[in-house]
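# Fold and geometry: a report
Here's the letter readout for the chains.
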Amino acid sequence: MNTNEKYIQRCIDLAKNGLGTTYPNPMVGCVIVHKNRIIGEGWHKKAGEGHAEVNAVNAVIDKALLTEATIYVSLEPCSHFGKTPPCCDLIIAHKIPNVVVGTVDPNSQVAGSGIKRLIEAGINVTVGVLEDECNELNKRFFTFHQKKRPYIMLKWAETQDGFIAPATRKEQKPVWITGTAARQLVHKWRSDEQAIMVGTQTAIDDNPKLDVRDWTGHAPTRVVLDRHNRIPSSQNLFDGSVKTIVICESTTQKSTENCIFESIDFEKEIPNQIIAVLYKHQIQSLLIEGGRQLLQTFIDSGLWDEALVFTGTPYFTSGIPAPILTHHSVVDQKMIGPDELKKYKYHD
């Protein structure tokens, strides 16, 4: 790993501190180096607050060193006025002579204009250092802006013999397939993503809260598919504690600030309509937790990016079979307590 790669990797590591808190902005890390010594670093923490470059510059004690420094940033510095001033102007104002950028910003408001402005100001700009890693860092943000949809993650737990639920629930709701460590990890995932989705039957059978009670973090927007408005208003999904989007056939109910009803045509391609609704609501990432029909519908439509699949220790011998993935490859495999976790990526 060369010098540029070393410092961009540090930018990536810093940026990850903002996972789950920067929406709708991307995660960005920044490092400022003077004569092979880091003199300032920072990351973007929350939309509306200082960008990574601002936080890094503010961390520099002796600002006079900036005129001889190199600023490293995982994503192209912004060139437009949003909730904060352009970072390009900050870099130019401090006469920082060298800028190293991990990857170009796909947002149409930036998309190369930041780099262009820096070059026009006489700054030496290097672009494309650890580009793949920087793109992976902001896979949610990039998917949203390039594909006009959320980054979609599927999640389920299955038994040793391939079932996600028993034939009958009896008194236990829900039926746990995995252990406490796996369930805590799922709650962490929920805090990382902007929205979480279930179907009608899962909502009725399990009465889920879809919160992060086993983790500290932001609860995601809840999305539920309920064609015929069958879910009772007494269910946890309608407790008003978290923004909830109900996708149904007819919006007879009146939307409130925290419970929004959206209608789609269930005779047409359902997943495409769902992601159009979520794109309208500026949702950049979606965690789909089931049940089988909803998961399989997205799989069959080719509208998914990752699948996170636990295999627990129980055997059911019969029940609801697990979804069947197509067009995928395993990219990670590990044990979470007694449960196996496999991560799949979609490919054409």
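All residue numbers refer to position in the chain's written sequence, counted from 1. At least 70 in pLDDT is required for a residue's local features to be given in this predicted model, at least 80 for side-chain atom pairs to be given and counted, and no such filter applies to totals for whole chains, interfaces and linings, which use all residues. To obtain the side-chain values, all non-hydrogen atoms of the structure were used and water was disregarded.

The criterion, for reference: UniProt positions are given in the numbering used here, feature names are shortened, and annotations may be inferred rather than shown by experiment.
The name that an unreviewed UniProt entry assigns to the protein is Riboflavin biosynthesis protein RibD, with the source organism given as Flavobacterium faecale. Taken verbatim from the UniProt record of the protein, the Function (unreviewed entry) comment is "Converts 2,5-diamino-6-(ribosylamino)-4(3h)-pyrimidinone 5'-phosphate into 5-amino-6-(ribosylamino)-2,4(1h,3h)-pyrimidinedione 5'-phosphate."

## Some points on the sheet that holds strand β10 (residues 244-248)
For clarity, the threshold we go by: Paired strands, in this sense, are two strands between which DSSP finds at least two bridges. Comment: elements are numbered from the N terminus, with helices defined as DSSP H or I runs of at least four residues and strands as E runs of at least two. Simply put, an axis is a line fit to the C-alpha atoms, just over the touching stretch for a helix, and the angle between two N-to-C directions goes from 0 to 180 degrees.
In space, the nine strands of this open sheet follow the order β11-β10-β9-β8-β12-β6-β13-β16-β15, with mixed pairing throughout. Where the open sheet ends on each side, the last strands, each with one partner, are β11 (259-263) and β15 (328-336). Sheet twist, expressed as the mean angle between neighbouring strand axes with direction ignored, is 20°. The pairing of β10 with β11 spans five bridges and is parallel. Bridge pairing in β11 links Ile 247 to Glu 262.

## Quick word on the UniProt feature "binding site: NADP(+)" (unreviewed entry) in the protein
Note the following rule: Computed over the protein atoms alone on a 1 Å grid, cavities are sets of points where a 1.4 Å probe fits but cannot get out and pockets are open sets with protein on both sides within 12 Å along at least five of seven lines; a residue lines them when it has an atom within 4 Å of a point.
Those residues carrying the UniProt feature "binding site: NADP(+)" (unreviewed entry) are Ala 157, Trp 176 and Thr 202 in this numbering. Spanning 46 residues, the annotated positions come together in the fold, the maximum distance between their C-alpha atoms being 13.6 Å. Residues from the named set that contribute to the lining of the largest pocket are Ala 157, Trp 176 and Thr 202. Examined against the element boundaries, Ala 157 turns out to sit in strand β6 (residues 151-158). Looking at the secondary structure, you find Trp 176 in the loop between β7 (163-165) and α7 (180-192).

## Some words on the domain arrangement of the protein
Often the size quoted for an interface is simply the accessible area lost on bringing the parts together. To keep things clear, this is the line we draw: For every domain, the bounds stem from an assignment made automatically or drawn from a database. Any two residues having at least one pair of non-hydrogen atoms within 4.5 Å are treated as being in contact. Put simply, buried area is how much 1.4 Å-probe accessible surface two parts lose in total, over both of them, once they are put together. The salt bridge criterion pairs a side-chain nitrogen of Lys or Arg with a carboxyl oxygen of Asp or Glu, the two atoms within 4 Å. Distance and chemistry together define a polar contact, namely a pair of N or O atoms within 3.5 Å, with one atom able to donate a hydrogen and the other to accept it when in protein, and with adjacent residues in sequence counting only for side-chain atoms on both sides. By the convention adopted, Pro, Cys, Tyr, Trp, Phe, Met, Ile, Leu, Val and Ala count as nonpolar, Lys, Arg, Asp and Glu as charged, and the other residues, Gly among them, as polar.
Its domain assignment divides the protein into domain 1 (3-142) and domain 2 (150-346). Taken over C-alpha atoms, the centre of domain 1 sits 35 Å from the centre of domain 2. Between domain 1 and domain 2, the residue contacts involve eight residues of the former and eleven residues of the latter. Interface of domain 1 and domain 2: buried area, both sides summed, is about 860 Å²; carbon and sulfur atoms make up 45% of it. On the domain 1 side of the contact with domain 2, Tyr 23, Lys 139 and Arg 140 bury the most area, a combined 60% of that side's loss. Remark: the boundary between domain 1 and domain 2 carries three salt bridges. Summed over the shared surface of domain 1 and domain 2, the result is six residue pairs in polar contact (both at pLDDT 80 or more). Top element by residues in the side of domain 1 that touches domain 2 is helix α6 (residues 139-147). It accounts for three residues. Looking at the side of domain 1 that touches domain 2 residue by residue, the class counts come to four nonpolar, one polar and three charged.

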